[in-house]
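# Structural features, examined
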Amino acid sequence: MSYKIVAKVVFGGDGGVGKTTLIQRYLTGEFIDTTKMTIGVGFHIHQINYQGKEISLSVWDCGGQEQFKKMGVFENYFRGAIVAVLMFDLTRGLTINGLDAWMKFVDTYSNTAIILVGGKGDLGRDPFISSELIEEVMEKYNVIRYIETSSANGIGVGMVFNEIARLSVERMEKHCLLYTSDAADEEDSVDLGGRRII
């Protein structure tokens with residue numbers, strides 16, 4: 001049997017923490033350290049196989065600059081997301097404080113799972129970001145998992161998307177939304193948040 005899941009994932013975090021670079025590293029396998037500032041929201045569709053199940057991820061990359069957050073539209077992008085990846089910069093302590101603003105965009109009615117990501121792990125860590133602080137943030141936001149990454153050397157990048165896939169499958173099975181492509185007729189996908197795109 002083949003299964004198709006459509007899952008929505010949203011990346012949030014202050015400007016310059018490395019959201020776009022991480023996504024590009026995963027999609028292309030390359031480190032692009034000259035990525036331009038995301039204007040508004042970037043969008044990607046990516047197919048991933050997890051434990052024999054086909055998943056179509058709709059990946060929304062929210063620009064982290066203050067003017068975009070004040071536009072009042074990010075709530076719409078977070079609405080219905082299966083997973084929200086909240087990212088901060090391990091070299092800039094203030095960016096972990098900035099996550100409070102991003103949590104306000106998370107749609108609690110959708111029971112969105114939260115993954116916390118610390119980026120730029122190959123560089124020096126800001127002493128402000130202690131293990132105790134990270135644990136406090138995880139408890140405060142009810143984080144499912146914390147992952148440290150480096151888009152420069154690729155460490156942790158695949159782990160982020162593997163966790164996204166795992167949570168997508170877990171959500172599907174939890175809500176008994178498992179469809180086979182044979183039984184679904186024209187509707188050969190299951191939409192787990194956001195719009196149906198297949």
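Residues numbered from 1 in each chain as written. Predicted model: local features only at pLDDT ≥ 70, side-chain atom pairs only at ≥ 80, totals over all residues. Heavy atoms only, no water.

## Brief notes about the overall build of the chain
What the chain contains, in helices and strands, is 7 helices and 7 strands. Tracing the chain from N to C terminus, the helices and strands come up as β-α-β-β-α-α-β-α-α-β-α-β-α-β. Relative to its 198 residues, the chain shows a buried fraction of 50%. Within the chain, residue pairs in contact and separated by at least 24 positions form 73% of the contacts whose partners lie at least 6 positions apart. Of the roughly 9700 Å² of accessible surface on the chain, 50% is carried by carbon and sulfur atoms. (Helix = DSSP H or I, 4+ residues; strand = E, 2+ residues; numbered from the N terminus. Buried < 20%, exposed > 50% of the residue type's maximum accessible area, 1.4 Å probe, protein only. Contact = heavy atoms within 4.5 Å. Areas by Shrake-Rupley, 256 points an atom, 1.4 Å probe, with all protein chains shown as cover.)

## Considerations on the nonpolar core
By size, the foremost hydrophobic cluster in this structure holds 28 residues, and its most contacted members are Phe-11, Ile-55, Val-85, Phe-161 and Ile-164. Put simply, the parts of the chain that give this core at least two residues each are strand 1 (4-12), helix 1 (19-28), strand 2 (41-50), strand 3 (53-62), strand 4 (83-89), strand 5 (113-119) and helix 7 (157-174). Contact partners of Phe-11, with chain neighbours within four places excluded, come to Lys-19, Leu-22, Ile-23, Val-59, Trp-60, Asp-61, Cys-62, Val-85, Val-160, Phe-161 and Ile-164. Of all hydrophobic cores here, the second largest spans 24 residues; its members include Phe-74, Ala-84, Ile-114 and Val-137. (Core = buried A, V, L, I, M, F, W, Y, C linked by side-chain atoms within 4.5 Å.)

What is shown is where atoms sit, not what they do.
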